[in-house]
Amino acid sequence: MKLISATPSPYARKVRIALAEKGIPFELLTEIPWNENTTVPQHNPLEKLPVLLLDDGSTVYESSYILEFLERRYPDPPLLPADDDGILAAKRLDVLANGICDAVVLVFFERLRPEAHRSLPWMDRQLRKVFGGVAEIARLIGDRRYAVGDRFGLGDIAAASALGYLEVRFKEFGWRRQYPALSRYMDGLMQRPSVRDTVPYPQAISSAVV
Ligand SMILES: N[C@@H](CCC(=O)N[C@@H](CS)C(=O)NCC(=O)O)C(=O)O
């Protein structure tokens with residue numbers, strides 16, 4: 001099994017954490033999906049990573065769907081709670097995390113435009129989603145050690161990936177200062193090798209994107 005990933009990608013990080021937690025061996029293929037020479041479009045018509053390349057030649061793409069795929073094909077250890085309420089709570093956090101990251105990506109590329117071409121209303125709209133999404137994650141997690149129930153799982157993977165992404169792309173937000181309990185929660189997650197070994201960092205995009 002191979003995973004096409006990018007070093008800053010919170011979506012790919014979710015998959016890397018899940019693979020590590022489940023002890024599934026895989027080869028990490030690091031690409032820059034925004035560059036013209038990326039192989040991603042050969043494997044995913046939506047042209048986004050992460051993409052899981054299976055040994056039989058088939059592909060699985062979209063981070064939440066990949067996590068669902070892994071949960072069904074490799075159920076042990078589970079990364080979803082056993083009860084419906086727990087599953088729904090974890091998936092809600094995944095929805096929030098993806099929404100935050102999608103908005104951060106939009107702001108990131110808007111900021112790459114020449115200043116005169118940037119849309120401030122558009123950026124404000126996206127930033128509201130980021131601030132609102134993080135506030136909601138902070139409210140849902142409160143001062144617990146794990147996002148849902150008493151063990152590490154999808155909710156934590158999603159929250160850690162989104163919060164870690166903010167540190168790379170939107171450091172000035174300072175979410176740790178605003179949400180001390182969430183900051184302590186993140187420090188706790190960083191004790192796990194799967195989270196610690198996948199800390200995101202930027203890549204140099206060479207192609208024109210916007
Ligand atoms: N909803 C997708 C988002 C994936 C995504 O936006 N990936 C970025 C890298 S972080 C990408 O490959 N973007 C290339 C593009 O949109 O053309 C997921 O959860 O996998």
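Everything quoted here is computed from the prediction, not taken from an experiment.

Novice: I'm lost on the sheet that holds strand β3 (residues 51-53) in this one. Help?
Specialist: Strand pairing in a sheet relies on backbone hydrogen bonds. The paired strands run either parallel or antiparallel. Across the sheet, 4 strands lie side by side as β2-β1-β3-β4; this open sheet has mixed pairing. Edge strands, defined here as strands with exactly one partner in the open sheet, are β2 (27-30) and β4 (59-61). Put simply, the sheet's adjacent strands are angled 20° from each other on average, direction ignored. In this sheet, β2 lies alongside strand β1 (residues 2-5) in parallel orientation, the contact comprising 4 bridges. Of the residues in β2, the one forming a bridge with L3 is L28. Docked against the sheet, helix α1 (residues 10-22) engages β1, β2 and β3, running at close to 150° with respect to β1. Strands in contact with helix α3 (residues 63-73) are β3 and β4; relative to β4, the strand with the most contacts, it is inclined by about 125°.

Novice: Which parts of the structure should I look at to understand the packing of aromatic side chains?
Specialist: For any pair of aromatic rings, geometry is given as the distance between the ring centres together with the angle between the planes. Per the stated rule, a full pass over the model turns up 5 aromatic pairs. Ring geometry for F108 and F109: centres 5.0 Å apart, planes at 80°, overall edge-to-face. Feature note: the residues W34, F108 and F109 constitute an aromatic cluster, connected by ring pairs. Above the plane of the ring of F108 lies R169, whose end atom (NZ or CZ) is 3.9 Å from the centre. One residue, R192, lies across the ring of F152, its end atom 4.0 Å from the ring centre.

Novice: For this particular structure, what's the right way to read the environment of A82?
Specialist: Mapping A82 onto the fold places it in the loop between α3 and α4 (84-112). Note: C-alpha distance between A82 and L112 (30 residues apart in sequence) is 44 Å.

Novice: Where do I start with the packing of α1 against α3 in this structure?
Specialist: Running from amino to carboxyl end, α1 crosses α3 at an angle of 15°, the nearest separation of the two axes being 9 Å. When the axis of α1 is compared with that of α3, the two are roughly parallel. Judged by the twist between their axes, the crossing of α1 over α3 is right-handed. On α3, the residues touching Y11, K14, V15, A18, L19 and K22 of α1 are S63, S64, I66, L67, L70 and E71. Partitioned by chemical class, the residues of the contact of α1 with α3 number 7 nonpolar, 2 polar and 3 charged.

Novice: Would you take a moment to explain the domain arrangement of the protein chain for this structure?
Specialist: Quoted interface sizes are often the accessible area lost when the parts come together. We note that the domain assignment places domain 1 (2-73) and domain 2 (84-193) within the protein chain. The centre of domain 1, based on its C-alpha atoms, is set 20 Å off from the matching centre of domain 2. Domain 1 puts 13 residues into the contact, and the matching count from domain 2 is 19 residues. Both faces combined, the contact of domain 1 with domain 2 buries some 1,300 Å², and carbon together with sulfur accounts for 61% of it. Taken together, domain 1 and domain 2 are joined by 3 salt bridges. Residue K91 is joined to E68 by a salt bridge in which the shortest nitrogen-to-oxygen separation is 2.5 Å.

Novice: Looking at this structure, how should I read the pattern of salt bridges?
Specialist: Any two side chains of opposite charge can pair, on the condition that their charged atoms come close. Applying the stated rule across the entire model yields 11 salt bridges. Note that K22 is salt-bridged to E71, the shortest N-O span being 3.0 Å. Residue K22 is located in helix α1, and its partner E71 is located in helix α3; the two are separated by 49 residues in the primary sequence. The two residues K22 and E71 agree in class, both being buried. As a salt-bridge pair, D187 and R176 come within 3.0 Å of each other at their nearest N and O atoms. With D187 in helix α8 (residues 180-189) and R176 in helix α7 (residues 175-178), the pair connects residues that are 11 residues apart, well separated along the chain. Classification of R176 by relative accessible area gives partly exposed; the value is 26%. Members of the salt-bridge network, linked through shared partners, are E167, K171, R176 and D187.

Parameters and conventions
Residues numbered from 1 in each chain as written. Predicted model: local features only at pLDDT ≥ 70, side-chain atom pairs only at ≥ 80, totals over all residues. Heavy atoms only, no water. Pairing = 2+ DSSP bridges. Helix = DSSP H or I, 4+ residues; strand = E, 2+ residues; numbered from the N terminus. Axes fitted to C-alpha atoms, helices over the stretch in contact; angles between N-to-C directions. Contact = heavy atoms within 4.5 Å. Phe/Tyr/Trp six-rings, centres within 6.5 Å; stacked < 30°, edge-to-face > 60°. Lys NZ or Arg CZ within 6 Å of the ring centre and 35° of its normal. Parallel < 35°, antiparallel > 145°, perpendicular 65-115°, else oblique. Left-handed = near helix turned anticlockwise from the far one by under 90°. Nonpolar A, V, L, I, M, F, W, Y, C, P; charged D, E, K, R; others polar. Domains from an automatic or database assignment. Buried area = accessible area lost by both parts, 1.4 Å probe. Salt bridge = Lys/Arg side-chain N within 4 Å of Asp/Glu carboxyl O. Buried < 20%, exposed > 50% of the residue type's maximum accessible area, 1.4 Å probe, protein only.

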